[in-house]
Amino acid sequence: MKFAYRFSNLLGTVYRCGNLNFTCDGNSVISPVGNRVTLFDLKNNKSNTLPLATRYNIRCVGLSPDGRLAIIVDEGGDALLVSLVCRSVLHHFHFKGAVHSVCFSPDGRKFVVTKGNIAQMYHAPGRKREFNAFVLDKTYFGPYDETTCIDWTDDSRCFAVGSKDMSTWVFGAERWDNLIYYALGGHKDAIVACFFESSSLDLYTLSQDGALCVWQCDTCPEGLRLKAPTGWKADLLQREEDEDEAEGARETTIRGKATPTAGEQQGKVKYSRLAKYFFNKEGDFNNLTAAAYHRKTHLLVTGFASGIFHLHELPEFNLIHSLSVSDQRIESIAINSSGDWIALGCSGLGQLLVWEWQSESYVLRQQGHFNSMVALAYSPDGQYIATGGDDGKVKVWNNLSGFCFVTFSEHSSGVTGVTFTATGYVIVTSSMDGTVRAFDLHRYRNFRTFTSPRPTQFSCVAVDSSGEIVSAGAQDSFEIFIWSMQTGRLLEVLSGHEGPISGLCFNPVKSVLASASWDRTVRLWDMLDSWRTTETLALTSDALAVTFRPDGAELAVATLNSQITFWDPENAVQTGSIEGRHDLKTGRKELDKVTAKHSAKGKAFTTLCYSADGQSVLAGGMSKFVCIYHVREQILRKKFEISCNLSLDAMEEFLNRRKMTEFGNLALIDQDAGEENGVTIPLPGVKKGDMSSRHFKPEIRVTSLRFSPTGRCWAATTTEGLLMYSLDAELLFDPFELDTSVTPGRIRAALRQRDFTRALLMAFRLNEKKLLQEALESVPADEIEIISSSLPDLYVDKMLEFLASSFEASRHLEFYLLWTQKVLMAHGQKLKARAGKLLPAVQFLQKSVQRHLDAVSKLCEWNRYNMQYALAMSRQRGMKRPSEPPGSEEEEEEEDSLHLLRAGHGDGDAEGLLV
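Residues numbered from 1 in each chain as written. Predicted model: local features only at pLDDT ≥ 70, side-chain atom pairs only at ≥ 80, totals over all residues. Heavy atoms only, no water.

Enquirer: Is there a simple way to explain the overall build of the protein chain in this structure?
Expert: A tally of regular secondary structure across the protein chain gives 13 helices and 59 strands. Relative to all contacts within the protein chain whose residues are 6 or more apart in sequence, the contacts with residues 24 or more apart total 49%. Surface summary for the protein chain: the accessible area is close to 44500 Å², and the carbon and sulfur share equals 50%. (Helix = DSSP H or I, 4+ residues; strand = E, 2+ residues; numbered from the N terminus. Contact = heavy atoms within 4.5 Å. Areas by Shrake-Rupley, 256 points an atom, 1.4 Å probe, with all protein chains shown as cover.)

Below, the structure is given as structure tokens:
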């Protein structure tokens, strides 16, 4: 088994904080998710997370006008220059301070960042290679408090900057004679957004108290004059320009004044306030938190702290409509290039909404778990992932698209366990509310609810391989409850444990249930023998997790002393153990009194799962690491670091000495409680935030791990969300029994000689995907049966894996289906003897075929319906329908139309036409 797993996608979290952006074509939304960036393709219904991460949570994202580059800035001021074309980091930069916003100029030559009370303009990185991608051009001073927002004019000549000191400043991007800076007041609260009108210097400013000011400029953009130096200044400037051409550009500083003198104002650009509007009605106060403006359609979208957003038409300030999306604060708003779609982000609930305002419908509505995820399960074919969270919700995610397509919210408390039945259409969950529920994925409903005679809290759930028996472990009564899926009745209550049940697992092959408990035992219960305890495995510490190998011949148990022990369930003999204390490497929390080295003694693996082939075991716990161990050799194969986000707690092994003072740790001081975005309703007398609110850093942890049944990826529920890791097959050169006689030239020569079997075998030995595809697709369809029967048994496994991966991307569906059928028909009996080893490849093949079946069957049904409709319409053309009550005549007409459809050119032709 290969371990070239790489981060592939982030599910379960769609928005955390920062600003939303639409791509230049308007079809995709770029959303910051913690310290990563996810791209939601709204046309193709797919989500993809970029394979990069910042050191802290992302604060702002700036997108270039051509959509090729993006500047991602985190809370610490570190910036990444990212190419969205090749999805890689081009440059690292540190702004030496917290950055609030970043914005490219419309011509793409400059970009401005707001940092502290200044604005800095940089030369935008070009397409050629540069030693320093970020070159500072000008620094603009003027505001007295933090700067909050930026907007450029259409011609990139000027830009406006809003500030928390209730002023808006207009700066010239060049050395204009009649506009260097201009300060605008008129507001009584911090500026949230400012927008220029199309092809004009007219400006709209919005403040946090819900006020909108309309400013008119007496000069058009073409009326701006370049400042021409005279005298010795001209000579000095000429000399500086010559030096700049030789050595590079130098920084210019522009200092603005809030009250310039009368001489400075003469002959300059002047602004006048045309109107002032208020969003809040009398007696209704609501903080304005985000805004966006579309210049072509003059559409203004404003979001408020109560979850309401308004659509207005400017400059008349006509209300188009108002809608409430949630009761949480709207953090960010974006409008696409056509002005049809509006993206809204709510960080409190982790919501991302895309609203089409003309049709008043949702294009996208996604929300992650409000609290952390606790459990996950793969469907048997690997297409879907079900997750349960502390918020009591169960969500089902499509592995291919990355979207959640159904949410079950019947549980009234946190979900503790999730599992699929063998059919893949039923999800069984356990919860702390004292119920175990079964959900149907056909009708999306809760069709069974299992309860205990006495109220109890369930900590885990398991379903046997037939899907008929459901079991759940209790946390407070130390019992195991058994129900029938068909009737919903309680069959048995198993007692014997002396501590809370921490894990349950059914043997995949036999009717045996394994239960792990804090009483330092694992008990094996036989379903066929009146649920009696067949064996009791004594452990050295409390059991935290238990799992069977896919073939049922081995049992793995994680205990509190950081050990993983392996047992033979038939003979109740321990076959091995792994000491994982030094591999876990738990970090030190900010408020911990002891070091990470000593606190790690109390940390252990809390979740376990076997790989699809059963040779390795995946383990995780209260740490940022996930470990893969080889079971037989009992060694660490690979360790994955799931996050590098320092905004989470317990990430670093040692505390920062700069935060340690003579009075204690600075982390004890809640510095964020006084911010204005603390809560919506403050306490009486509090003018800025709420001093009673408390902020905390979430701790990094891995709550659940599962390998995909296909063996090609694994998933982990963490503090960050649902992380997906998949095999990076493109960068992996893995030859099989290679010698010097196997070359691409010889493979192509064998194909020209029509020696297809030899060419295929050599391509498998070289194991290059493109060569394999070329050799396979060169085989004529009538020779597939002969060649597949002549394949040696050693190469049949590799053939099935290649066919399964080819279904994902190839358009030759019938050709590969024919190959699959002939290979399975020719080697089916021999493959049964190696069913355990071949299971991942067969499940991967089944997943690919099932996905195509679902897509093609929907298309065929739709085409069939359209043809029936067209036939029915052609028969009724020119006919006048009598006004008779519905009866048997209409049914006869429907039968005739169906008969016409079937008997167009014979039954065989009609079926061929539909396919």
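Enquirer: Explain the sheet that holds strand S26 (residues 318-324) to me, please; I cannot follow it from the model alone.
Expert: Two orientations exist for strands paired in a sheet by backbone hydrogen bonds: parallel and antiparallel. Strands sit in the order S23-S24-S25-S26 across an open sheet of four strands; the sheet is antiparallel. In this open sheet, the two edge strands, each paired with only one partner strand, are strand S23 (288-294) and S26. Each strand of the sheet is rotated relative to its neighbour by a mean of 15°, with strand direction disregarded. Where strand S25 (residues 308-313) meets S26, six bridges bridge the pair, whose relative direction is antiparallel. Its bridge partner being in S26, Ile 308 is matched across the sheet by Ser 324. (Pairing = 2+ DSSP bridges. Axes fitted to C-alpha atoms, helices over the stretch in contact; angles between N-to-C directions.)

Enquirer: Help me out: how do you make sense of unusual backbone geometry in this one?
Expert: Generally, phi is negative for residues other than glycine and the peptide bonds are trans, each holding for most cases. Here the bond from Leu 314 into Pro 315 is cis, since omega is 5°, no more than 30 degrees from zero. Inspection of the secondary structure puts Pro 315 in the loop between S25 and S26. The phi dihedral of Phe 317 is positive, around 60°, even though this residue is not glycine. For Phe 317, the location among the structural elements is in the loop between S25 and S26. A relative accessible area of 15% means that Phe 317 is categorised as buried. (Buried < 20%, exposed > 50% of the residue type's maximum accessible area, 1.4 Å probe, protein only.)

Enquirer: What should I look at first to understand helix H10 (residues 813-832) in this one?
Expert: Every α-helix winds through 3.6 residues per turn, so residues three or four apart in the chain are directed the same way. Taking the largest bend as the criterion, H10 deviates by roughly 55°, centred on Ala 826. Here H10 has its buried residues at Phe 815, Tyr 816, Trp 819, Thr 820, Val 823, His 827 and Leu 831. (Bend = angle between axes of the 7 residues up to and from the residue.)

Enquirer: Can you walk me through the pattern of salt bridges in this structure?
Expert: Close approach of charged atoms allows side chains of opposite charge to pair. Enumeration according to the criterion identifies 22 salt bridges in this entry. A salt bridge links Arg 581 to Glu 579, with the shortest nitrogen-to-oxygen separation between them at 3.9 Å. Residue classification places Glu 579 among the partly exposed residues on the basis of a relative accessible area of 38%. (Salt bridge = Lys/Arg side-chain N within 4 Å of Asp/Glu carboxyl O.)

Enquirer: Sorry if this is basic, but what is going on with the packing of helix H6 (residues 756-766) against helix H7 (residues 769-777) here?
Expert: The relative placement of two packed helices comes down to the angle between their axes together with the axis-to-axis distance. Taken N-terminus to C-terminus, the directions of H6 and H7 make an angle of 165°; their axes are 9 Å apart at the nearest point. The angle between the axes of H6 and H7 places the two elements in the roughly antiparallel class. Handedness of the H6/H7 crossing: left-handed. Of H7, the residues touching H6 (which contributes Ala 759, Leu 760, Ala 763, Phe 764 and Leu 766) are Leu 771, Leu 772, Ala 775 and Leu 776. Among the residues forming the contact of H6 with H7, the class breakdown is nine nonpolar, no polar and no charged. (Parallel < 35°, antiparallel > 145°, perpendicular 65-115°, else oblique. Left-handed = near helix turned anticlockwise from the far one by under 90°. Nonpolar A, V, L, I, M, F, W, Y, C, P; charged D, E, K, R; others polar.)

Enquirer: What's the story with the packing of aromatic side chains in this structure? I'm lost.
Expert: How two aromatic rings sit relative to each other is given by the distance of their centres and the angle of their planes. Inspection of the entire model under this criterion finds 39 aromatic pairs. These aromatic residues form a ring-pair network of at least three members: Phe 93, Phe 95, Phe 104, Phe 111, Tyr 122 and Phe 134. Here Arg 36 stacks its cationic end above the ring of Phe 7, 3.9 Å away from the centre of that ring. (Phe/Tyr/Trp six-rings, centres within 6.5 Å; stacked < 30°, edge-to-face > 60°. Lys NZ or Arg CZ within 6 Å of the ring centre and 35° of its normal.)

Enquirer: Explain the confidence of the model for the protein chain here, please?
Expert: Summary statistics for the protein chain give a mean pLDDT of 84 and a share of 85% for residues scoring 70 or more. Here residues 245-249 is modelled with pLDDT under 50, and outside its nearest four sequence neighbours on either side it reaches three contacts, counting other chains as well. Counting interchain partners and residues more than four positions distant, the pLDDT-below-50 stretch residues 886-915 has 20 contacts. (pLDDT = per-residue confidence, 0-100.)

Enquirer: Quick question: what am I supposed to make of the side chain of Ser 647 here?
Expert: Along the chain, Ser 647 turns up in the loop between strand S54 (635-641) and strand S55 (660-661). Here Asn 57 takes part through its backbone nitrogen, which lies 3.0 Å from a polar atom of the side chain of Ser 647. If we skip the residues at most four places from it in the chain, Ser 647 touches Arg 55, Tyr 56, Asn 57, Glu 75 and Lys 697. (Polar contact = N/O pair within 3.5 Å; in protein donor to acceptor, adjacent residues only side chain to side chain.)

Enquirer: Explain the nonpolar core here, please?
Expert: As a rule of thumb, soluble globular proteins bury nonpolar side chains together. In terms of nonpolar packing, the biggest core is built from 36 residues, with Ile 747, Leu 760, Phe 764, Leu 776, Met 799, Leu 803 and Trp 819 touching the most fellow members. Apart from the residues lying within four places of it in its own chain, the contact partners of Ile 747 are Ala 759, Met 762, Ala 763, Leu 766 and Leu 771. In terms of nonpolar packing, the next biggest core, distinct from the first, is built from 23 residues, Tyr 5, Ala 650, Met 651 and Trp 714 among them. (Core = buried A, V, L, I, M, F, W, Y, C linked by side-chain atoms within 4.5 Å.)

Enquirer: Hey, could you run me through the pairing of strand S18 (residues 191-196) in this one?
Expert: On a regular strand, each side chain points to the face opposite its neighbour's, so the side chains alternate between the two faces of the sheet. Counting buried residues along S18, six of its six residues qualify, which places the element largely inside the surrounding structure. With five bridges joining them, S18 and strand S19 (residues 203-207) adopt antiparallel strand pairing. For Ile 191, the partnering residue across the bridge sits in S19 and is Ser 207. Hairpin remark: S18 followed by S19, antiparallel, with six residues in the connecting loop; positive phi at Ser 199, about 55°.

Enquirer: So what exactly am I meant to see when it comes to the sheet that holds strand S1 (residues 5-11) here?
Expert: What the four strands build is an open sheet, ordered S1-S59-S58-S57; its pairing is antiparallel. Each end of this open sheet is capped by a strand with a single partner; those strands are S1 and strand S57 (702-707). Between one strand axis and the next, the sheet turns through 20° on average, direction left out of account. Summarising the sheet, strand S58 (residues 713-718) and strand S59 (residues 722-727) pair through five bridges and their orientation is antiparallel. What sits directly across from Thr 717, in S59, is Leu 722.

Enquirer: Whenever I open this one, the packing of H7 against H10 confuses me. Can you help?
Expert: Between H7 and H10, the shortest axis-to-axis distance is 12 Å and the interhelical angle comes to 85°. On the basis of their axis angle, the class for H7 and H10 is roughly perpendicular. For the pair H7 and H10, the contacting residues are Gln 773, Leu 776 and Glu 777 in the first and Phe 815, Tyr 816 and Trp 819 in the second. Counted by class, the contact of H7 with H10 contains four nonpolar, one polar and one charged residues.

Enquirer: What exactly am I supposed to notice about the side chain of His 312 here?
Expert: Relative to the assigned elements, His 312 resides in strand S25. Judged by its relative accessible area of 5%, His 312 falls in the buried class. Discounting residues that sit within four places of it in the chain, His 312 has contacts with Phe 279, His 298, Leu 299, Leu 300, Phe 317, Asn 318, Leu 319 and Ile 320.

Enquirer: Please clarify how the environment of Thr 423 should be interpreted in this entry.
Expert: The residue Thr 423 is located in the loop between strand S35 (415-420) and strand S36 (426-431) in this model. For the pair Thr 423 and Asp 381, spaced 42 residues apart in sequence, the C-alpha to C-alpha distance is 9.3 Å. Side-chain polar atoms of Thr 423 contact the side chain of Thr 421, separated by 3.1 Å. Within the structure, the side chain of Thr 423 is placed 3.5 Å from the backbone nitrogen of Tyr 425, a separation counted as a polar contact.

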